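As a plain string of letters, each chain reads:
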Amino acid sequence: MYLFLRSCLVAFLALLLVSGAQAAVPTLTVYTYDSFTSDWGPGPQVKKAFEAQCGCKLELLGLEDGVSILNRLKLEGDNTRADLVLGIDTNLTAEARATGLFEAHGLSFESSSLPQPWADDTFLPYDYGYFAFVYNRERLRTPPSSLRQLVEDENGPTILVQDPRTSTPGLGLLLWVKKVYGDQAAAAWARLSKRIVTVSKGWSEAYGLFLKNEADMVLSYTTSPAYHMIAEQDQRFAAAHFSEGHYQQIEVAGMLRGSQQQSLARDFLEFMLSERFQTIIPTTNWMYPAALAKDRLPPEFSQLIDPSPALLFDDKQVAAQRKIWVDEWLEVMSR
Amino acid sequence: MNSRAIPAGLVLCLLLVIVIAPLAGLLNLGAMPGFEPGDLQFWRSTYIRRVLSFSLWQALLSTLCSVLPAILVARAFALQPSFPLRGFLLRLFALPLVVPAVVAVMGVVSVYGSDGWLPLGRSLYGLGGILLAHVFFNLPLAVRLLLPHWQAIPRHHWQLAEQLDMNAWQRWRFLEWPALREGLPGVMLLVFMLCLTSFAVVLTLGGGPKSTTLEVAIYQSLRFDFDPTRAVVLASLQLGLCLMFAGLTLKLQRLPEVEITVDVAARADKPAVRPLQLLLIGLAAIYVSMPLLSMLVDALGGPFASVILNSALWQSMANTLFIGLSAALLSVLAGWYLLHYSASLALSGQRGRARLVELAGSIVYVVPPLVIGTGMFVLLSPHVDVFGWVYPIVIAVNALMGLPFVIRSLGPALRQNHARYDLLCQSLALRGWSRFRYLEWPLLRRPLGLATALVAALAMGDLGVIALFGTPDTATLTLLIYQQLGAYLIPHATVTALLLLLLCLAVFWLLERGIGGRTNA
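Residues numbered from 1 in each chain as written. Chains lettered and ligands numbered in written order. Predicted model: local features only at pLDDT ≥ 70, side-chain atom pairs only at ≥ 80, totals over all residues.

Student: Could you give an account of the interface of chain B and chain A, naming the residues involved and the relevant values?
Tutor: Between chain B and chain A, the contact holds 56 residues from the first and 50 residues from the second. Going through the elements one at a time, helix H2 (46-79), helix H4 (101-112), helix H8 (200-205), helix H9 (214-222), helix H13 (311-347), helix H15 (369-380), helix H16 (390-428) and helix H19 (477-486) of chain B are the ones with two or more residues in the side of chain B that touches chain A. Considering each element in turn, the side of chain B that touches chain A owes the most residues, 6 residues, to H13(B). Residues belonging to the side of chain B that touches chain A are distributed by class as follows: 34 nonpolar, 15 polar and 7 charged. (Contact = placed C-beta atoms within 7 Å. Helix = DSSP H or I, 4+ residues; strand = E, 2+ residues; numbered from the N terminus. Nonpolar A, V, L, I, M, F, W, Y, C, P; charged D, E, K, R; others polar.)

Shown next, in the form of structure tokens:
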């Protein structure tokens, strides 16, 4: 009981301290996901670099993932503490916009290195990636060369995927199959399901099982092999290039309407598109930066597959259809 | 009048507030504009029906597969009170409980996966894999919780059995089974709840959405779908399942007639060494230690230096310790009052109400932390800065989740203590602190030690709540493990997991020894 009371007291004092500090220098509060704020994520470097130039305190609060960020905003509504949100992706932007909590960024975005034009006046992208099936070259000599081949070859490789009900890559694969197969998606899943070893809750479980050789391929990102090359000097891993193109994920940030720190938030968005921020991304978030010339990427990135054409549904369509598509997937996969 | 009725009432009210209020908060939220409460007929859909029957089926099977062997193993432990490594094995049996689910899955896969020591191939994924993992988690726990029931059998009963020349079956029938019957239903209920609410294990080893449990459906409705109403309905459904199971198992329960005796020394006098029992213990020990061992092997080759030199590790370790110890203290305190109240109710003839009080303390476990946490958030966020309240909330929820463990490990001993000594205490006017100091502490410190150690370890391995609230500097070791896994740092994560296990083992050992005294369990 004593400890409990003490922890209440400590929390209360911490609160006082925080509010005290707020009076001295302005604080910019950013909701993001915790792999961004973790020691290995971009967070620590971003914080240091931005605080050096803004004369403010950057408070990065890490939630579980993009979905949690959006849900937190829905819960808090106008009372949210966040000035800015960083880490939702294009599958969620329509829903996020619909909350009415966001303010137009009012910035021009000329330095874009995205493969497609960007016309969103609420959200600005900071990085992007493509989903892909990653495999170990020594264990799988001839990976499928298209999604259709993966689905339709009865003797094809076994795979590990994530659950679209709980994980972002899982949802990505669902949309990828939908993009390629359209109305035939259910039949495609039925064929594929025989070679799905398991459907995991999140990316970590599936990738961990893959590294334990539980299946030939795992759903991940085209940039995953770069991690193994750069951090582990391990050349064995590669992403299979699929001729239909790869489904894309673009991660964005947006500022909140109710924020007291709007100009600071805008400064941060500008900083986010600057070279300083963008060069941090490739080897911490292991994604492609959204505003950085190709030649500024680490050399290992040039060994990655060319995922074009980028496949992406309109965010409104995802918002409208997601539930129906997930239910359709569930129906097939539960048989 | 019982002086403990008031604190117990407080605890019950608190339970109610912590569980019911968040549910109400969520329902209220779901009714607000902006949330279209999904089709409330959903529970009639084939999907939900399938989910319901699978949840129930896997939980029942897992419970039987864990508890039935656990009875045999606990019996073997009880009848073999001294053999090398006995104390160590019993402490080892507390470990699986604290292994974070994702780490346990990796451990199970290291053993039974295609590159493992006992490869099962694709058949690992499905009901088989779920059972393997659940038995790994729950068999050792059940052993720990059942063992004290043998030790509560008075020595002269064993002597009498010997004089009457009873064979093993008769001893089981007349001595052991009656003693076991008091605690078995509760242990079964606890294991059932643990399996019913299991999530990452079921999803990952289950092989796909065929193996969807209610817990997954609840999680789904609070994430992508964000439909609070549906989440509350599903959580209530889960609560209902548990109540049903509780109703069934409690029918089996018989509180023993306790005679007034001062002799509580608790073991058979000259145990015959039975190779069969040792073999049984050996098998169980191998089964439990294999996944742990594979984690050890994985970790030993890992990047120890870079993990240990990271300042985040030490901060997380301190946070983990703080949360674990606070939650244990709070949980044991709450359980203590609850159990005293229940015991005195039982003694005054109100057995039904006594059971209800106990049940209330146990059953809150099945309301998922995600639901409680989100509900609490809804209630608190308009008034306070929730980020400043992460510790109190995490500790409170963990204490709540630990309550069933306190009730299971402390309950039987405390009830006996009441039955045996209430009259004596009345005649000696031994009350309150002096009763605790001279009577309860010496006799109950062993189960108290176990209860505290269990809850501390459990809270230290918990991920649920802290991930939900998230702040810049409140990482725990479990959260750190997930962060490392999410950043491709799988070797780092295995090292951190090993450190978490060692920390839990140390805390468990210290608490059980420190509170419980030197005698081996």
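Additional details are given in the paragraphs that follow.
Student: Hey, could you go over the pairing of strand S10 (residues 246-256) of chain A for me, with residue numbers and the actual values?
Tutor: Residues and elements named next belong to chain A. Burial of S10 is extensive: 11 of the 11 residues sit out of reach of the surface. Pairing between strand S3 (residues 84-89) and S10: 5 bridges, direction antiparallel. The residue of S10 that forms the bridge with Ile88 is Val252. Examined bridge by bridge, strand S4 (residues 102-103) and S10 share 2 bridges and lie antiparallel to one another. By the bridge assignment for S10, Phe102 is matched with Leu256. Bridge count between S10 and strand S12 (residues 310-311): 2 bridges; the pairing is parallel. Its bridge partner being in S12, His246 is matched across the sheet by Ala310. (Buried ≥ 20, exposed ≤ 12 C-beta atoms within 10 Å, placed from the backbone. Pairing = 2+ DSSP bridges.)

Student: Got a sec to walk through the domain arrangement of chain B? Specific residues and values, please.
Tutor: Residue and element names in this part refer to chain B. Each domain of chain B was delimited in the assignment, giving domain 1 (1-36 + 301-521) and domain 2 (43-300). The C-alpha-based centres of domain 1 and domain 2 are spaced at 19 Å. With 50 residues of domain 1 at the interface, the matching set in domain 2 holds 50 residues. Contributing elements (two or more residues each) for the side of domain 1 that touches domain 2: helix H1 (5-30), helix H14 (351-363), H15, H16, helix H17 (432-460), H19 and helix H20 (490-516). The residue makeup of the side of domain 1 that touches domain 2, split by class, is 36 nonpolar, 11 polar and 3 charged. (Domains from an automatic or database assignment.)

Student: Tell me about the domain arrangement of chain A, and name the residues and values.
Tutor: How big an interface is tends to be reported as the loss of accessible area on association of its parts. Residues and elements named next belong to chain A. In terms of domain boundaries, chain A breaks down into domain 1 (13-128 + 249-303) and domain 2 (129-248 + 310-333). Computed over C-alpha atoms only, the centres of domain 1 and domain 2 are separated by 27 Å. On the domain 2 side, the residues contacting the 22 residues of domain 1 number 18 residues. Elements represented by at least two residues in the side of domain 1 that touches domain 2 include exactly helix H5 (93-98), strand S5 (124-136) and S10. No other element matches H5, which puts 3 residues into the side of domain 1 that touches domain 2. Class assignment of the residues belonging to the side of domain 1 that touches domain 2 gives a composition of 9 nonpolar, 8 polar and 5 charged.

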